[in-house]
Amino acid sequence: MAFVRIGSKSEAFRREGHAWHCTSGLPSDVTIEIGEMSFYLHKFPLISRSGRLATLIKESCNDEGSVSVLQLNDIPGGAKAFELVAKFCYGVKIELSPLNIVSLRCASEYLVMTDEYGDENLTAQTEGFLSDVFGNWTDTIKALETCEEVLPHAEELHIVSRCINSLAMKACTDTRLFNWPVSENGQEGTTDVDVWNGICTRSKTQPMTDDWWYEDVSFLSLPLYKRLIQAVEAGGMRPENVAGALVFYAKKYIPLMNRQSSFKDATSHTNKSGSTISTPSEADQRALLEEIMELLPNQKGVTETRFLLRLLRSAMMLQASPSCRENLERRVGLQLDQAALDDLLIPNMGYSVETLYDIDCFQRILDHFVSIDQASSAPSPCVMEENQLMEGSNSLTSLTRVATLVDSYLSEVAPDVNFKFPKFQSLAATIPDFARPLSDGIYRAIDIYLKAHPWLTDSEREQTCRLMNCQKLSLEACTHAAQNERLPLRVVVQVLFFEQLRLRTSISGWFFVSDNLDNSQSTSLHGGNRNANTTNGRGGSSIDDMRRRVAELEKECNSVKQEFKKVVKTKKRWNVFCGRKSECDFNSVKPTKLHPQHVNEHKNQKNVDSK
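Residues numbered from 1 in each chain as written. Predicted model: local features only at pLDDT ≥ 70, side-chain atom pairs only at ≥ 80, totals over all residues. Heavy atoms only, no water.

S.K.: Could you give an account of the overall build of the chain, with specific residues and numbers?
M.R.: Broken down by element type, the chain carries 27 helices and eleven strands. Expressed as a percentage of its 611 residues, the buried residues of the chain come to 42%. Look at the contacts in the chain between residues 6 or more apart in sequence, and 68% of them connect residues 24 or more apart. Carbon and sulfur atoms make up 51% of the accessible area of the chain, which amounts to about 33,300 Å² in all. (Helix = DSSP H or I, 4+ residues; strand = E, 2+ residues; numbered from the N terminus. Buried < 20%, exposed > 50% of the residue type's maximum accessible area, 1.4 Å probe, protein only. Contact = heavy atoms within 4.5 Å. Areas by Shrake-Rupley, 256 points an atom, 1.4 Å probe, with all protein chains shown as cover.)

Now the structure itself:
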């Protein structure tokens, strides 16, 4: 920390309780009262340095030799600052430091201590030392913190703005290029010290990351911190670094942002100047959260989605304004494809709690994402260029990731018995079918929901199953669905039909490849020397590879047939397939009986059809 000493005389004051006395031996002829503190001084040293004191003493002294009593309760810095001013007027040694320079500069301006009332007066000396302070990162932060004590006067003298501009300039400087002498912990001159032949030599300062300044400025109050963030943004700092600083500040003063923290176990911490900063109240945290929400950059992907979701959860617990929560939901929706399932499981904090998790909040976030995705992928009347095609591909990839996320979310909340059918249907139907390459995820969610809600009507169960595409189920999912007693009979039949159709298509394709291979071999045998040479060359190796591939496909086909037979052969035979064998043409499936539940459903359906 930088400092400078001015004055030459030794200490000439003594304190007795709430009074300061000059030890020069001469009787005091002026008394200055500041709050509870009284200073018994002499007129001449004061009027020779301060224009304001000279005027006040002249106005208060009517009779020659009388004692003047002055009230200076509004002096910047109070009694502590005036003590240093009085010592300066008497020529006593004082020390200027970043911790007292702001209050002394404001007090000297208040008392009109310019060069008109003596050379090298206090205003000039404090202003000169301020210039040195602004050149140092740590000293500037300390000086800016002390501006809180004399904020109106410091604003009038532009000390606050000069401190902030100095910090912003240093924070925006690339330390790797200019080798800025500031360490990650805010300590200057931190270098590796090498000893050579008994002489200490310093190596270059270690390179620092972009977040080296986050902790140093986090001790500033919210108004000053906000102005600093706006200054670094105006200085051209990357949005990622601005967002990182805000994340650091929010986690420090909003305990809810850290899962391990709570209002009860939050502890106070001490800043570098030695003052203690306690955890803010809920009202202060709410105001802080709303301010941080406004300061965060708007660009997509700049702020982590996990942080935005934690901020949203904290906003709900702190009962932030509806506009703040709506803004957070919109920002999360903008980059929902980057979210994690655990962060989306936000507990329901409303007064009329129905479900364990806030499903309505997730629905609003999902609606924001879909609306933004549709707006960005809207068809253009002009011919699409290559970059537009790439953007469309990226949009589909994001939509596919969100579809997987929605299916996982539905699987987590499906066991909740208070999860109403319309909400489940609305949430699942928000994602279009083409965004799901496989329907295994939505099938799992539907199965869990049907198991937790056995009271659903047949119509509601069928509507629920329409949310999935049976043609996109994997072999494992088809195997499970064929034996699932909770699924309607119509859905089970569809699953088996599409699986049989898929199997027949695959076999037909393999046979088509085998026939083409035989034809090509026959042509090569009767095509003369040219074809023979080709066959003996690279063509022969490709034909051998094709043969091996066909053999592998035939083996795979046989294994698929065996698996399919195991699926169809349930413990109770399915009679319905006996009557429809010719219609469906299941060549590889033996007649089986239906499950009793499905038989009853089939009978009921026949009765309804006959009526």
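Here the narrative resumes, following the displayed structure.
S.K.: Summarise the pattern of salt bridges; cite the residues concerned and give the values.
M.R.: Evaluated as defined, the whole model comprises 19 salt bridges. Glutamate 127 is paired through a salt bridge with arginine 105; the nearest N and O atoms lie 2.7 Å apart. Highlighted residues: glutamate 127 in helix α5 (residues 122–134) and arginine 105 in helix α4 (residues 101–110), separated in sequence by 22 residues. With relative accessibility at 24%, the residue glutamate 127 sits in the partly exposed group. We note a salt bridge from glutamate 240 to arginine 238, for which the minimum N-O separation is 3.6 Å. Salt bridges sharing partners connect three or more residues here, namely Arg105, Glu109, Glu127 and Arg162. (Salt bridge = Lys/Arg side-chain N within 4 Å of Asp/Glu carboxyl O.)

S.K.: If you had to explain unusual backbone geometry to someone new, which residues and values would you point to?
M.R.: For glutamate 120, which is not a glycine, the phi torsion comes out positive at approximately 50°. Relative to the elements of secondary structure, glutamate 120 occurs in the loop between α4 and α5. Residue glutamate 120 is classed as exposed on the basis of its relative accessible area of 59%. At histidine 158, a position not held by glycine, the phi torsion is positive, near 60°.

S.K.: Explain the state of the cysteines to me, using residue names and the numbers behind them.
M.R.: What is meant by a disulfide is a covalent connection between two cysteines, made through their sulfur atoms. One pass over the full model with this rule turns up zero disulfides. Of all cysteine sulfurs in the structure, the one in cysteine 147 sits closest to cysteine 106, which takes part in no disulfide; the separation is 7.2 Å. (Disulfide = S-S within 2.5 Å.)

S.K.: Hey, could you go over the packing of aromatic side chains for me, with residue numbers and the actual values?
M.R.: By the definition in use, this model includes twelve aromatic pairs. Residues tryptophan 20 and phenylalanine 39 carry aromatic rings whose centres are separated by 6.5 Å and whose planes lie at 5° to one another, so their mutual orientation is stacked. With tryptophan 20 in strand β3 (residues 19–22) and phenylalanine 39 in strand β5 (residues 37–41), the pair connects residues that are 19 residues apart, well separated along the chain. Each member of the pair, tryptophan 20 together with phenylalanine 39, is buried. Members of the aromatic cluster, joined through ring pairs, are Trp20, Phe39 and Phe82. Against the face of tyrosine 110 rests arginine 52, its NZ or CZ located 4.2 Å from the ring centre. For the cation-ring pair, lysine 252 lies above phenylalanine 219, with the distance from its terminal atom to the ring centre recorded as 3.4 Å. (Phe/Tyr/Trp six-rings, centres within 6.5 Å; stacked < 30°, edge-to-face > 60°. Lys NZ or Arg CZ within 6 Å of the ring centre and 35° of its normal.)

S.K.: Can you tell me about the side chain of serine 38, naming the residues and giving the values?
M.R.: The residue serine 38 is located in strand β5 in this model. In contact with serine 38, other than residues within four places in its own chain, are His18, Ala19, Trp20, Ile32 and Glu33.

S.K.: For the sheet that holds β3, give the residues involved together with the corresponding values.
M.R.: Consider a sheet: its strands pair through backbone hydrogen bonds, and that pairing is either parallel or antiparallel. Strand order in the open sheet formed by five strands is β2-β3-β5-β4-β6, and the pairing between neighbours is mixed. Two strands lie at the open edges of the sheet, namely β2 (13–16) and β6 (68–71), each paired on one side alone. Between one strand axis and the next, the sheet turns by 20° as a mean value, whatever way the strands run. Lying over the sheet, helix α2 (residues 51–60) contacts β4 (30–34) and β6, oriented at roughly 130° with respect to β6. Together, β2, β3, β4 and β5 form the strand contacts of helix α3 (residues 78–90), whose direction differs from that of β5 by roughly 10°. (Pairing = 2+ DSSP bridges. Axes fitted to C-alpha atoms, helices over the stretch in contact; angles between N-to-C directions.)

S.K.: Can you tell me about the nonpolar core, naming the residues and giving the values?
M.R.: Membership of the largest hydrophobic core comes to 147 residues, with the highest contact counts inside it found for Ile32, Leu41, Phe82 and Trp213. Excluding residues within four positions of it along the chain, phenylalanine 82 makes contact with Ile32, Ile34, Phe39, Leu41, Leu53, Leu72, Ile75 and Leu111. (Core = buried A, V, L, I, M, F, W, Y, C linked by side-chain atoms within 4.5 Å.)

S.K.: Residues and numbers for the confidence of the model for the chain, please.
M.R.: Averaged over all residues, the pLDDT of the chain equals 78, while 69% of them reach at least 70. Of all secondary-structure elements in the chain, the lowest mean pLDDT belongs to helix α26 (residues 581–584), at 39, while α4 reaches the highest, 96. Across residues 181–204 the pLDDT falls below 50, and counting only partners more than four positions away or on other chains, this stretch makes 39 contacts in the model. Contacts of residues 528–540 to residues separated by more than four positions or lying in other chains number seven contacts, the stretch itself having pLDDT below 50. (pLDDT = per-residue confidence, 0-100.)

S.K.: Quick one: what's the story with the environment of methionine 1, residue by residue and with numbers?
M.R.: Among the secondary structure elements, methionine 1 is positioned in the segment before β1 (4–6). For methionine 1 and asparagine 136, which are 135 residues apart along the polypeptide, the C-alpha to C-alpha distance reads 8.8 Å. When neighbours within four sequence positions are excluded, methionine 1 is seen to be in contact with Pro98, Leu99, Asp139 and Lys142.

S.K.: Give me the lowdown on α3, citing residues and values where you can.
M.R.: Along its 13 residues, α3 runs 19 Å from first to last C-alpha, staying within 8% of the 18 Å computed at 1.5 Å per residue. Taken together, the buried positions of α3 are occupied by Ala81, Phe82, Glu83, Leu84, Val85, Ala86, Lys87, Phe88, Cys89 and Tyr90. (Expected span 1.5 Å × (residues − 1).)

S.K.: A description of the packing of helix α19 (residues 421–429) against helix α20 (residues 440–452) should follow, citing residues and the corresponding values.
M.R.: Between α19 and α20, the shortest axis-to-axis distance is 12 Å and the interhelical angle comes to 180°. With respect to their mutual orientation, α19 and α20 come out roughly antiparallel. Of the residues in α20, those in contact with Phe421, Phe424 and Ala428 of α19 are Ile442, Ala445, Ile446 and Tyr449. In terms of residue class, the contact of α19 with α20 is built from seven nonpolar, no polar and no charged. (Parallel < 35°, antiparallel > 145°, perpendicular 65-115°, else oblique. Nonpolar A, V, L, I, M, F, W, Y, C, P; charged D, E, K, R; others polar.)

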